[in-house]
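These are the residues of each chain, in order.
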Amino acid sequence: MKKIHICVLITGLLLGYETTSQSASIVISKHNLSISGPGEVKSTTESRICVFCHTPHNAHRDIPYLWNRSDQTTNYTPYQSSTMYAAIGQPTGASKLCLSCHDGTIALGAVLSQATEIPFAGGFRTLPNTRPSYLGTDLSDDHPISFSYQTSIDQGNSELAVTNALPTEISLDDGGQLQCTACHDPHDNTWGNFLVMSNQFSALCTGCHIKNGWVNSTHAVSTAQWNGQDVDPWPNTEYTSVAQNGCENCHRPHSAGRHQRLLKREFEEDNCLVCHNSNVAPLSIEAELVKSYTHPVGNYTGIHDAAEDFSTNSVANHVECEDCHNPHTVTGTSAVAPSVSGRNSGVLGVDSGGQQITSADNLYEICFKCHADNNVITTPAITRQIDQLNTRLEFSLGNPSFHPVMQATGSTDVPSLLPPYTSSSIIYCTDCHGSDNPDGAQGPHGSNNEHLLVANYTTVDNTIESPDAYALCYRCHDRDIILAPLQSAFRLHFKHIQQENAPCSVCHDAHGINASQGSASQNRALINFDTTVVTPNSAGDLYFSGDDLTQNKCALTCHGVDHEPRAYSRN
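From a predicted model like this one, the values you see are computed outputs, not experimental measurements.

Undergrad: Is there a simple way to explain unusual backbone geometry in this structure?
TA: Across the chain, the bulk of peptide bonds are trans and the bulk of non-glycine residues have phi less than zero. Between Ala337 and the following residue, Pro338, the backbone shows a cis peptide bond with an omega angle of 10°. Across the junction of Pro419 and Pro420, the peptide omega takes the value 10°, indicating a cis bond. With respect to the helices, strands and loops of the structure, Pro420 is situated in the loop between strand S6 (401-402) and strand S7 (446-447). A positive phi is found at Asn193, a non-glycine position, where the angle reads about 50°.

Written out as structure tokens, the structure is:
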């Protein structure tokens, strides 16, 4: 069809219709560079429309289409990406013809059919670099062109539609290469930007790109609109909703801010926060990220790689939104711990065995990418008898004690649990780590509580007990029961916490104690002493021992009191 279209136009050119036929939409498009053109870039003297590209006589012999433009010897910087399956070289075919204007290196009026350049309004010769259509010679920020589409599929790109399933509007060149003309028809501006079809709801993008989970994702179906405040999230389109913009919420096919994967904005998080600031999405994640404790996405640029491999322990420390969220698969679907909800679906993870998995089934597997074998934290928050930074090991199955992140504890010795929690409950990491604003955007984006906790958890010795001091613990554990000697599992909680002002953290390690380091008798109930407060007793012993209701004892010194050892019975 495209060849037929070009033939019709050239026939018109030969018959002298090029300046009068209004049926050809090129006449009223910016590709009409003649004096009658509607755009700012146009000639001051030339009335012929087609002459800027085509000539009936003395055209290039080695280029089809009766090509009338001067030779190009430009060397381009092609698009490169760690997730690109095809080799991208120098532009060829129709793409090279498009670039003869859009790279800004050849005068717009330099044509073979006449000796002198055609003059342009404003006195400029080449396409000004201030124009949106200016691409320059660095094509690393533009959609890849001049590569074999089928080869990309053959080499493993499973997210490209098979060739015979491409929409009829999208065509490859005779050699099977994807050129500019796959997306653009230079003679027809019906859809704007000379697109071959509308890209509303990503129709053009998804003609080739088959992203798993995209069809039902929030970014594909949301009708949310910009409220007109602050930065326009969609300056390059006329679409007014998230769904209508689709891929163009985050991506830009030309002159992308971040070259790899063509993100609109250079800083990864900006592509998310321009909407997730309560101006499109109702709750502001941006507001969470300015709190005292955050996942600091603003501290890193260009480190996250969609092809990163945690199985090699070679991933540089970083955090970006896409480390926890997959914008192509995200939905509002809820889930029950430990399963991932729609907000975190389709995200790379590390499983309980330390193996990388392409899509996390459980939320903790996403956390394990940076808080387990590959750990961004190098110093324990509290110095304990047993130090362990690897949360995968802290929550492991078979540990002497642990908070139920990977599995339920099954323990019936925790009378303080508040409903709906039971010994069968499993919790998310985000039940403790997340926003301190229950009405704000949820998740571990930011908090004013240390360690990015949802509620205050004081670990400083000699703290006066109060509902706020241990608000985190009291979210699940009934304060009244803990402090009641006849009801609490440890009848001396009252004495230690309220009378001696010892924080919970002096005795309890919030995550768990790995089986390779601790034992059921000495590390039951998350006991792992803070050794900055608890020291050996007069006999040089420092331990807790207890595995039933009556035989429990502590050998230690705390607040100057020598436990040499002291025994107690549990309720």
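The discussion continues.
Undergrad: Help me understand the nonpolar core in this model?
TA: Nonpolar side chains in soluble globular proteins tend to end up buried together. Within the largest apolar cluster, 16 residues are counted, with the highest numbers of intra-cluster contacts made by Tyr149, Ile170 and Leu204. When neighbours within four sequence positions are excluded, Ile170 is seen to be in contact with Ala182, Val196, Met197, Leu204, Gly207 and Cys208. Counting residues in hydrophobic clusters, the runner-up holds 14 residues, among them Val454, Ala471, Leu483 and Ile497.

Undergrad: Just checking my understanding: could you explain the UniProt feature "domain: Doubled CXXCH motif" (unreviewed entry) in the protein for this structure?
TA: Mapped onto the present numbering, the UniProt feature "domain: Doubled CXXCH motif" (unreviewed entry) falls at residues 179-211, 242-279 and 429-479. Taken end to end, residues 242-279 is 26% helix and 0% strand, and its first and last C-alpha atoms sit 12 Å apart. Here residues 429-479 runs as 10% helix and 4% strand, with 22 Å between its end C-alpha atoms.

Undergrad: Please clarify how the pattern of salt bridges should be interpreted in this entry.
TA: Between side chains of opposite charge, a pair can form as their charged atoms come close. One pass over the full model with this rule turns up 12 salt bridges. Taking the shortest distance from any N to any O, the salt bridge between Arg131 and Glu40 comes out at 3.0 Å. Residue Arg131 is found in the loop between helix H2 (93-102) and strand S1 (147-148), and its partner Glu40 is found in the loop between helix H1 (2-15) and H2; the two are separated by 91 residues along the sequence. With a shortest N-O distance of 2.7 Å, Arg392 and Asp373 are connected by a salt bridge. Highlighted residues: Arg392 in helix H11 (residues 391-394) and Asp373 in the loop between helix H10 (363-371) and H11, separated in sequence by 19 residues.

Conventions we followed
- Residues numbered from 1 in each chain as written.
- Predicted model: local features only at pLDDT ≥ 70, side-chain atom pairs only at ≥ 80, totals over all residues.
- Heavy atoms only, no water.
- Helix = DSSP H or I, 4+ residues; strand = E, 2+ residues; numbered from the N terminus.
- Core = buried A, V, L, I, M, F, W, Y, C linked by side-chain atoms within 4.5 Å.
- Buried < 20%, exposed > 50% of the residue type's maximum accessible area, 1.4 Å probe, protein only.
- Contact = heavy atoms within 4.5 Å.
- UniProt positions renumbered as here; feature names shortened; annotations may be inferred.
- Salt bridge = Lys/Arg side-chain N within 4 Å of Asp/Glu carboxyl O.

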